[in-house]
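Residue-level structural notes
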There are 2 protein chains.
Amino acid sequence: VIDPRDYGLDNLPFGIVSHTAGGADGRKHAAVAFEDTVVDLDCLVHDGVLDADSLLGATSLNDFLGEGLATWRAVRARLQHLLSDAATSDERAAVAKRTQPRDTVTMHLPIDVGDYVDFYSSIEHATNIGRILRPDAEPLTPNYRHIPIGYHGRSSTVVVSGTPVRRPHGQRKAPDASAPTFGPSNLLDVEIEMGWVAGAATVHGEPVPADAVREHVFGYVLLNDWSARDIQAWEYQPLGPFLAKSFATSISPWVVSLDALEPFRVAEPARDPEPLPYLRASEPWAYDVELEMLLRTERMRAQDQPPVTIARTNFRGMYWTVAQQLAHMTSNGSRIRPGDLFGTGTISGSEQGTQGSFIELTRRGAQPLALPNGETRGFLEDGDTVVIRGRAARGDKRIGFGEVVGTIVA
Amino acid sequence: VIDPRDYGLDNLPFGIVSHTAGGADGRKHAAVAFEDTVVDLDCLVHDGVLDADSLLGATSLNDFLGEGLATWRAVRARLQHLLSDAATSDERAAVAKRTQPRDTVTMHLPIDVGDYVDFYSSIEHATNIGRILRPDAEPLTPNYRHIPIGYHGRSSTVVVSGTPVRRPHGQRKAPDASAPTFGPSNLLDVEIEMGWVAGAATVHGEPVPADAVREHVFGYVLLNDWSARDIQAWEYQPLGPFLAKSFATSISPWVVSLDALEPFRVAEPARDPEPLPYLRASEPWAYDVELEMLLRTERMRAQDQPPVTIARTNFRGMYWTVAQQLAHMTSNGSRIRPGDLFGTGTISGSEQGTQGSFIELTRRGAQPLALPNGETRGFLEDGDTVVIRGRAARGDKRIGFGEVVGTIVA
């Protein structure tokens, strides 16, 4: 389903694959996606065609991410040469030997996630949620326009796209009930997010300026922050979301580098008041990335109906950028390790159909979505499959993030 | 400063040491503390004296923790034999060869922390904090007596006892100020906690019952959850504490096993209402552990004055136990990995001098502590050293946790 043009020479996203075709050993190897193929970087390093020791024998990209910008750029430039018309016939043959069709490999988590942080950087999302959950109060908390609000999530349950998502059990309490009950979540939701993957490590005790993005951020994935709204509503005071989120977080398997994203970097939205000095970068760090969420129910699958689009939004409008998130995260001396994952927070617009979650799209289930086959959805049912896709296009440049997919199981 | 009797045959806590005495290579080795010595387990396995492959070459205890209860008990029993009067003279010689004075080794983090969770399980602490921060409201949130409240913290900044703690910078806003400012925290605090270290892994998607403690929990350390109260007050709504906590979390270097703690397991406090069925265990899981916090300022050090005790409390009164925390944490299918760390939450009593934090001891600085040399403390100053000690004694049984120490640097 992924257009080969999304993974062209301008993209070359990195991932971890395994395959057994042609007598391969089924072990994890680092790779890049190129059009409808996968190029095995572990083998290219082994063959002496590519110089990148941190990719040799790697079962995650972490060591490579820890090398920093100069290494990433050298590897990217070498791969762009090897895959271009400028490659010699020997080089072409060497690469062809280590290339498989993309649909023959199994994708794995591209990173070993040390710490996972989830931000809350869409002001439209924060406003939508505030209006739904606290209708009689100011929708934004007083700190919203000053702080890139975030919290730590669970790294052990970050899973790669395609992993089934088991409906979580937990405590939930109806507003009029005297006590909570325990059972399967009845308000299972998604959140359309992107996630940035940390590059070079920072030092414990040493804050990093907002302008240090290119060294400490390698690239982006798509992220689905599955959320159990009934569990969340009952548990989240006073210390924030916990089990409502920690059952699963899905990411797309291919990490798109900042260099690949560079043509799509755009001006940031206006902010008022101006952020404090430590949150100011000298360049804009918004990205024009189109995002789409699709739903396919079990009945649609049985009826052979394709997934239906239920939301379209864009990453460019986020109130807080990666530069501000990086500076804020390290402002207290906290350290970042290669492979750390940072969710952007739900990416929502203010208009109907541009919101990144069911709780917003359906007003907490009060206005269910009507699907083409007559089904309705306030929240997710067992057997529902959610697909989030991302793509950027500008002039003759085009890249894709592929997709992050998950199906709910009972 | 640690009494050799705290690390007797009944204790044998596990840790990671390095040493260069006698031509040793300075690499990390697994070890147990015994009286005033350290016994090198890596070498004992290498020598064929101890059978525990997961300790050979280990730079953390994680692989050993992943082995589960049967392995832990076999290793413990073998070590108790080797270090007892029942050992043969050959065995004694073999152990003596791998034993150093405790004060000659460097201690390291005993675990690679995958995920770090901090609970909030002392109802006295939650009540004290609620009264201080929300004087006009009910001190406990409605969920407190139903849920072992917790949140995820940052694993990359968990440090071993002795690591200096740099005063964090961050945003804070005075109640009467129109906007926040950025700078060093003015309300730097501690939290006396214990932390449990996860043993055998659980499976993603599969909840673990409260009675499974012995397989999935290896043991306990002391934990100091350093906290910047001014940063916390401004940032924590709506998603909980973040940078106010993530700058550092200190733990004691020796992990005391549940088997060593067994003689000190006592009845749990009364709970009303009765917890939901998934939070009920068939045995009591409170522990009678005495905790003490001491303070030594820079001036006290210059004047050669010893640390002064500023709080004494006991672990036995916690509202929520390790069994309930384990069952709750996994109730949504979230998985636990060996070496995951779970803080208990601040351990406080209700009487003056039994609280585990400055914010409680000094009523948020309004009633500063008077120190013997005439200094006062509302919160921590640069150069202050905080020591937390823990010990359990009952009949002829006695074990110690040693201490967790940290000094504030500017």
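Before any of the text, the structure's been laid out above.
Residues numbered from 1 in each chain as written. Chains lettered and ligands numbered in written order. Predicted model: local features only at pLDDT ≥ 70, side-chain atom pairs only at ≥ 80, totals over all residues. Heavy atoms only, no water.

**Things to note about the interface of chain A and chain B**
The interface of chain A with chain B comprises 56 residues on the first partner and 56 residues on the second. For the pair chain A and chain B, the summed buried surface comes to about 5,200 Å²; carbon and sulfur atoms form 59% of the total. The three residues of chain A that bury the most area against chain B are R154, L239 and F242 of chain A, which together make up 16% of that side's buried surface. Taken together, chain A and chain B are joined by four salt bridges. A salt bridge links D340 of chain A to R154 of chain B, with the shortest nitrogen-to-oxygen separation between them at 2.9 Å. In this assembly, chain A and chain B are joined by 32 residue pairs in polar contact (both at pLDDT 80 or more). Put simply, the parts of the chain that give the side of chain A that touches chain B at least two residues each are strand 6 (116–119), strand 7 (150–153), strand 10 (169–172), strand 11 (181–184), helix 7 (229–235) and helix 10 (322–330) of chain A. The dominant element in the side of chain A that touches chain B, judged by the number of residues it contributes, is strand 7 of chain A, at four residues. A breakdown of the residues in the side of chain A that touches chain B according to their chemical character gives 26 nonpolar, 22 polar and eight charged. (Contact = heavy atoms within 4.5 Å. Buried area = accessible area lost by both parts, 1.4 Å probe. Salt bridge = Lys/Arg side-chain N within 4 Å of Asp/Glu carboxyl O. Polar contact = N/O pair within 3.5 Å; in protein donor to acceptor, adjacent residues only side chain to side chain. Helix = DSSP H or I, 4+ residues; strand = E, 2+ residues; numbered from the N terminus. Nonpolar A, V, L, I, M, F, W, Y, C, P; charged D, E, K, R; others polar.)

**Here we look at the relation of the copies chain A and chain B**
Mapping chain A onto chain B calls for a screw motion: a turn of 180° about the axis and a shift of 0.0 Å along it, with 0.0 Å RMSD after fitting. Here the two chains are linked by the operation of a two-fold rotation axis. For chain A, the smallest separation between a C-alpha atom and the rotation axis is recorded for G240 of chain A, amounting to 2.1 Å. The fraction of interface residues of chain A whose copies in chain B are also interface residues reaches 100%, indicating that both copies meet through the same surface. (Least-squares fit on C-alpha atoms with pLDDT ≥ 70 in both.)

**Some remarks on the pairing of strand 3 (residues 37–40) of chain A**
Residue and element names in this part refer to chain A. Here strand 3 shows no split at all, with T37 and V39 on one side and V38 and D40 on the other all buried. Taken together, the four bridges between strand 2 (residues 29–34) and strand 3 define a ladder with antiparallel strand orientation. Its bridge partner being in strand 3, F34 is matched across the sheet by T37. Hairpin remark: strand 2 followed by strand 3, antiparallel, with two residues in the connecting loop; positive phi at E35, about 50°. As defined by bridge partners, strand 3 adjoins strand 4 (residues 99–101) across three bridges and the pair is classed as antiparallel. Paired with T37 across the two strands is P101, which belongs to strand 4. (Buried < 20%, exposed > 50% of the residue type's maximum accessible area, 1.4 Å probe, protein only. Pairing = 2+ DSSP bridges.)

**With respect to the side chain of Q171 of chain A**
Among the secondary structure elements, Q171 of chain A is positioned in strand 10. For Q171 of chain A, the side chain forms a polar contact with the side chain of W234 of chain A, separated by 3.0 Å. Within the structure, the side chain of Q171 of chain A is placed 3.0 Å from the side chain of Y278 of chain B, a separation counted as a polar contact. Every residue in contact with Q171 of chain A, bar those within four places of it in the chain, is listed here: P180, T181, F182, D230, I231 and W234 of chain A together with H146, I147, L276, Y278 and L279 of chain B.

**Details of the environment of L109 of chain A**
All names here are of chain A. Relative to the helices and strands, L109 is located in the loop between strand 5 (106–108) and strand 6. Owing to a relative accessible area of 26%, L109 belongs among the partly exposed residues under this scheme. For the pair formed by L109 and G15, sequence separation is 94 residues and the distance between their alpha carbons is 7.7 Å. The contact partners of L109, leaving out residues within four places of it in the chain, are I16, V158, V159, V160 and I251.

**Things to note about the packing of aromatic side chains**
Residue and element names in this part refer to chain A. Applying the stated rule across the entire model yields 28 aromatic pairs over all chains. Three or more aromatic residues link up through ring pairs in this structure, and these residues are F14, F64, W72 and F218. One Lys or Arg, R265, reaches over the ring of W285 and ends 4.8 Å from the middle of that ring. (Phe/Tyr/Trp six-rings, centres within 6.5 Å; stacked < 30°, edge-to-face > 60°. Lys NZ or Arg CZ within 6 Å of the ring centre and 35° of its normal.)

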